[in-house]
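Each chain is listed here by its residues.
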Amino acid sequence: MIKFELCDKNNIEDTANLFYSMSPAGWVRASAPCFKKNLLHALATDARGTLVVANDADVPIQIGYVAAIEYPVFFWGKIILDHPLSFLSATLPYILKKLRGIMLLQPKTYSENSPPRFQWSRNNERTARVLFIGVLEKYRGQAVGTRLYNALFKELAKKGCEILEAHIDAGNDASLKLHAQAGFSMTKCAMGEFLAHHRVNHRE
Ligand SMILES: CC(C)(COP(=O)(O)OP(=O)(O)OC[C@H]1O[C@@H](n2cnc3c(N)ncnc32)[C@H](O)[C@@H]1OP(=O)(O)O)[C@@H](O)C(=O)NCCC(=O)NCCS
């Protein structure tokens with residue numbers, strides 16, 4: 001049976017390991033020594049993080065997790081300050097590839113009828129950004145990802161968060177399908193990425 005729970009200091013170690021094992025990104029491996037600390041920090045303080053994990057209660061192991069943070073700058077800032085060289089060398093190829101300012105240029109409005117207008121400032125609704133969602137290969141295609149999002153929406157609504165955003169690579173079919181299935185609206189951005197957003201319903 002698959003169960004969903006909030007990540008806290010008791011299961012953060014498993015969550016961090018799951019993250020390393022599934023992330024293809026070089027910067028994750030490079031910043032591994034401080035990543036667990038930052039996840040914990042994001043949960044507790046500055047970054048206002050919310051992490052939901054899925055467990056296979058029969059085994060028992062963690063099989064998936066979704067992490068969202070409201071202040072990514074605190075999360076990345078701490079990693080960069082702690083490990084500037086390894087972070088930079090690991091992320092340089094990524095930064096060069098994506099050197100068109102996607103992190104700063106955010107759509108100002110989420111109107112379904114008008115295309116997003118890119119501005120330097122963020123919209124002023126409380127917005128959390130998905131850091132990563134992943135499900136162990138063996139458990140994919142069984143709605144674990146969709147149920148992780150449903151659990152996350154409930155937690156964010158309790159905290160008064162209004163919007164959840166995610167950036168998705170245009171080539172990641174599984175992720176695009178998952179976000180559509182979980183009720184996100186998708187906007188095509190520059191650089192082969194989609195910006196997905198979901199209004200968190202406070203009455204849920
Ligand atoms: C993306 C990911 C989290 C999806 O998790 P999941 O538990 O398999 O998702 P779900 O089972 O809830 O599937 C949601 C929808 O996507 C579809 N889907 C799942 N895997 C798919 C694939 N490889 N290709 C196309 N569609 C896929 C499902 O069929 C389902 O749609 P349906 O209900 O119409 O059938 C998982 O594939 C993964 O961990 N990928 C690696 C990490 C990653 O890319 N994360 C996202 C970027 S941050």
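Residues numbered from 1 in each chain as written. Predicted model: local features only at pLDDT ≥ 70, side-chain atom pairs only at ≥ 80, totals over all residues.

Per an unreviewed UniProt entry, the protein chain carries the name N-acetyltransferase domain-containing protein.

Enquirer: How should I be thinking about the site of the ligand in this particular structure?
Expert: Inspection of the region around the ligand gives 19 residues, with Arg140, Gly145, Thr146, Ala174 and Lys177 positioned closest. In the shell around the ligand, the residues fall into eight nonpolar, eight polar and three charged. (Near = placed C-beta within 6 Å. Nonpolar A, V, L, I, M, F, W, Y, C, P; charged D, E, K, R; others polar.)

Enquirer: Is there a simple way to think about the pairing of strand S9 (residues 193–199) in this case?
Expert: When a strand is regular, its side chains alternate between the sheet's two faces. With seven bridges joining them, strand S7 (residues 163–169) and S9 adopt antiparallel strand pairing. Across the sheet, residue Ile163 finds its bridge partner in S9, namely Arg199. Bridging between strand S8 (residues 185–188) and S9 involves four bridges; their strand directions are antiparallel. Bridging from a neighbouring strand, Met186 pairs with Ala196 of S9. (Pairing = 2+ DSSP bridges. Helix = DSSP H or I, 4+ residues; strand = E, 2+ residues; numbered from the N terminus.)

Enquirer: What should I look at first to understand helix H7 (residues 173–181) in this one?
Expert: Counting along an α-helix, one turn takes 3.6 residues, and residues three or four places apart therefore face a common direction. For H7, the complete set of buried residues consists of Ser175, Leu178 and His179. Across the axial projection of H7, the buried residues extend over an arc of 95°, all falling on one side. More than 90 degrees from the buried face of H7, the exposed residues found are Asp173 and Gln181. At its buried positions, H7 is contacted by helix H6 (144–159), S7, S8 and S9. (Buried ≥ 20, exposed ≤ 12 C-beta atoms within 10 Å, placed from the backbone. Arc of directions from axis to C-beta. Contact = placed C-beta atoms within 7 Å.)

Enquirer: Hey, could you run me through the nonpolar core in this one?
Expert: One broad rule of soluble globular proteins: the nonpolar side chains tend to lie buried together. With 41 residues, the main nonpolar core has Tyr65, Val66 and Ala68 as its most contacted residues. Among the secondary structure elements, those contributing two or more residues to this core are helix H1 (12–22), helix H3 (32–44), strand S2 (49–56), strand S3 (61–69), helix H4 (72–82), strand S6 (127–135), H6 and S7. Aside from chain neighbours lying at most four places away, what touches Val66 is Val52, Val130, Ile133, Leu148, Tyr149 and Leu152. (Core = buried A, V, L, I, M, F, W, Y, C linked by C-beta atoms within 7 Å.)

Enquirer: Can you walk me through the sheet that holds S9 in this structure?
Expert: Strands in a sheet are paired, the pairing made by backbone hydrogen bonds, and the direction either parallel or antiparallel. Pairing in this open sheet of seven strands is mixed, and the strands run S1-S2-S3-S6-S7-S9-S8 from one edge to the other. Two strands lie at the open edges of the sheet, namely strand S1 (2–6) and S8, each paired on one side alone. Strand-to-strand twist across the sheet, computed as the mean angle between neighbouring axes with direction ignored, equals 25°. Lying on the sheet, H7 is in contact with S7, S8 and S9; it crosses S7 at an angle near 155°. (Axes fitted to C-alpha atoms, helices over the stretch in contact; angles between N-to-C directions.)

Enquirer: Looking at this model, I keep getting lost on the environment of His198. Mind explaining?
Expert: Looking at where His198 falls in the secondary structure, it is placed in strand S9. Between the C-alpha atom of His198 and that of Met186, which follows or precedes it by 12 residues, the distance is 9.1 Å. Not counting residues up to four positions away in its chain, the partners in contact with His198 are Leu164, Gly183 and Phe184.

Enquirer: I would appreciate a short explanation of unusual backbone geometry in the present structure.
Expert: Note: most peptide bonds trans; most residues except glycine with negative phi. Residue Pro60 follows Val59 across a cis peptide bond; omega there is -15°. Looking at the secondary structure, you find Pro60 in the loop between S2 and S3. A positive phi is found at Ala143, a non-glycine position, where the angle reads about 65°. Inspection of the secondary structure puts Ala143 in the loop between S6 and H6. For Ala143, a count of 15 C-beta atoms within 10 Å puts it in the partly exposed group.

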